[in-house]
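# A closer look at the structure
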Amino acid sequence: MAPDSESRPLVRLGTTDMHITRVGFGAWAIGGGDWAVGWGDQDDKDSIAAIRHAVDAGINWIDTAAVYGLGHSEDVVRRALADIPEHDRPYVFTKCGLTWDPNDRKAPPRQVGAPDSLRREVDASLQRLGVERIDLYQMHWPAKDGTPLEVYWETLLDLKKEGKVRAVGLSNHDAKQLATAEAIGHVDTLQPPFSAIRRDAAAHELPWCKAHDTGVIVYSPMQSGLLTGRFSIERAQRLPEDDWRSRNREFTGERLVHNLRLAEAMQPIAAKHGTTVPTIAVAWTLAWPGVTGAIVGARSPEQVDGWVDAAHLQLDADDLATLSAAIVATGVGSGPYTHD
């Protein structure tokens, strides 16, 4: 059972029985750098300290995935929570549907939806996480092994009926795919990418989820570090080869320049509220109708302190108008930019 927090408001996650803080700890980066989509070297001691610091600060959920670090992130989450009394532990969310070759860690993961594969994955995640039941189990990406969505979604629904998972959701699926799944059984949650730079989910997926009581936990609300106010052109150029961002177009050329200008535009709003640029970036996503919570990564306790205020901060109409104008002026990203 996850803890209540007097200082952090809780919101219901869709129609589930879980009430979550508006921000959760994202465990992608703590998987380390020795795999295809890693973030570079990461000290497990720092990762464990960051998770425990977030929990101590009242954050009551963690989002990870089997593929992060090829199982390593889930293992680190288990170690971080091992000494926390069960009734004080946060909810643990993880994902399935991406499998890897243990003999070639740098090979891109395969998008697999075969029922027998998903069942092997859930058992492996249960073991790595050291839990009897996963609180939220999500299909990471649409399958590319020929398995129809209807088949893999039915498998997740069966895992829920069997008690191996508490709730089931989809990640990186569009509104049409959500509707297909909903016709078979309720989609408890959606996890889409969403930030002031990457806004496409606001066009169709967020309205669909709001209309169908599907909880939404967005990922990369700080656009993987670009909207922290601490990034720079020089830092982008120094990213190591084992950091996936070194190969991402948002971190190079004119895109990078414009993205950093948007982060600069958030600084006066942060000063107005006595908080940080990361908090403003995350709060912007939380202001959208239909968004339940935001997944925010951290590799140290200090990084947690940089965004934890977003768990309770609400931007006002003037803040949102200022940020909409900044998005237009910088020309960053794509998708709707007003919260109307």
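Shown above is the structure to which this text applies.
The rules we used
Residues numbered from 1 in each chain as written. Predicted model: local features only at pLDDT ≥ 70, side-chain atom pairs only at ≥ 80, totals over all residues. Heavy atoms only, no water. Pairing = 2+ DSSP bridges. Helix = DSSP H or I, 4+ residues; strand = E, 2+ residues; numbered from the N terminus. Axes fitted to C-alpha atoms, helices over the stretch in contact; angles between N-to-C directions. Core = buried A, V, L, I, M, F, W, Y, C linked by side-chain atoms within 4.5 Å. Buried < 20%, exposed > 50% of the residue type's maximum accessible area, 1.4 Å probe, protein only. Polar contact = N/O pair within 3.5 Å; in protein donor to acceptor, adjacent residues only side chain to side chain. Contact = heavy atoms within 4.5 Å. Arc of directions from axis to C-beta. Salt bridge = Lys/Arg side-chain N within 4 Å of Asp/Glu carboxyl O. Phe/Tyr/Trp six-rings, centres within 6.5 Å; stacked < 30°, edge-to-face > 60°. Left-handed = near helix turned anticlockwise from the far one by under 90°. Nonpolar A, V, L, I, M, F, W, Y, C, P; charged D, E, K, R; others polar. Disulfide = S-S within 2.5 Å. Patch = residues over 30% accessible without salt bridge, like charges linked within 9 Å, V, L, I, M, F, W, Y side chains within 5 Å. Areas by Shrake-Rupley, 256 points an atom, 1.4 Å probe, with all protein chains shown as cover. Lys, Arg positive; Asp, Glu negative; His and termini not counted. Charge placed at Lys NZ, Arg CZ, Asp CG, Glu CD. Parallel < 35°, antiparallel > 145°, perpendicular 65-115°, else oblique.

With that settled, consider the sheet that holds strand β8 (residues 134–139). Read once around its circumference, the closed barrel built from eight strands follows the order β3-β4-β5-β8-β9-β10-β11-β12, with strand pairing classed as parallel. Averaged over all neighbouring strand pairs, the angle between strand axes comes to 30°, with direction disregarded. Two strands pair when backbone bridges link them, and strand β3 (residues 23–26) and strand β4 (residues 61–63) are joined in this way by two bridges, in the parallel orientation. Looking across to β4, one finds that Phe-25 is bridged to Ile-62.

Core analysis: the biggest nonpolar cluster contains 89 residues, and Phe-25 and Trp-307 have the highest contact counts within it. The next biggest cluster of nonpolar side chains, apart from the first, holds 11 residues, and it includes Trp-61, Tyr-91, Phe-93 and Tyr-219.

With respect to the element layout, Thr-155 can be found in helix α4 (residues 149–161). Of note is the side chain of Thr-155, whose polar atom sits 3.0 Å from the backbone oxygen of Val-151. Among all residues touching Thr-155, those that are not within four sequence positions of it are Pro-115 and Leu-118.

Turning to helix α5 (residues 175–182), a few remarks are in order. All of the buried residues in α5 are Ala-175, Leu-178 and Ala-181. Along the axis of α5, the buried residues cluster in a sector spanning 120°; they form a single face. The elements touched by buried residues of α5 are α4, β9 (165–171), β10 (189–191) and α6 (205–211). Near the N-terminus of α5, the side chain that reaches the backbone nitrogen of Lys-176, with its oxygen 3.2 Å away, is that of Asp-174.

A separate point is the pattern of salt bridges. Counting across every chain of the model gives 15 salt bridges. The salt bridge involving Asp-44 is made with Arg-79; its shortest N-O contact spans 2.9 Å. Here the residue Asp-44 occupies a position in helix α1 (residues 44–56), and Arg-79 occupies one in helix α2 (residues 72–81), the gap between them amounting to 35 residues. Note that Asp-188 is salt-bridged to Lys-160, the shortest N-O span being 2.9 Å. Here the residue Asp-188 occupies a position in the loop between α5 and β10, and Lys-160 occupies one in helix α4, the gap between them amounting to 28 residues. Take Asp-188: its relative accessible area is 3%, and that puts it in the buried class. Sharing partners across several salt bridges, the network here consists of Asp-44, Asp-75, Arg-78 and Arg-79.

Once that is clear, we can look at the packing of aromatic side chains. Scanning all chains against the criterion turns up six aromatic pairs. Seen from their ring centres, Trp-284 and Trp-288 are 5.6 Å apart, and the 65° between their planes marks the pair as edge-to-face. Neither Trp-284 nor Trp-288 differs from the other in exposure class; each is buried.

For the rest of this paragraph, the subject is the packing of helix α3 (residues 115–129) against α4. Orientation of α3 relative to α4, taken along the N-to-C sense of each, is 35°, at an axis distance of 9 Å. In this structure, α3 meets α4 at a crossing whose hand is right-handed. Along its contact with α3, which presents Pro-115, Leu-118, Arg-119 and Val-122, the element α4 presents Val-151, Tyr-152, Thr-155, Leu-156, Asp-158 and Leu-159. Looking at the contact of α3 with α4, its residues break down into seven nonpolar, one polar and two charged.

Attention shifts here to the state of the cysteines. Counted under the stated rule, the structure contains zero disulfides. A disulfide-free cysteine, Cys-209 has its sulfur positioned 17 Å from the sulfur of Cys-96, the nearest such atom. On the basis of relative accessible area, Cys-209 is assigned to the buried category, the value being 1%.

Moving on to a negative patch on the surface. Residues Asp-43, Asp-46, Glu-302 and Asp-305 make up a contiguous surface patch of negative charge. Along the chain, Glu-302 falls in helix α11 (residues 301–307).

A relative accessible area of 5% means that Thr-155 is categorised as buried. Distance in space between the C-alpha atoms of Thr-155 and Lys-95 is 13 Å, their sequence separation being 60 residues.

Moving on, we get to the packing of α4 against α5. Contact pair α4 / α5: the axes reach a minimum separation of 9 Å and the direction vectors enclose 55°. The orientation of α4 with respect to α5, classified from their angle, is oblique. Crossing of α4 against α5: the hand is right-handed. Listed contacts from α5 to Leu-149, Glu-150 and Trp-153 of α4 are Gln-177, Thr-180 and Ala-181. Of the residues in the contact of α4 with α5, the class split is three nonpolar, two polar and one charged.

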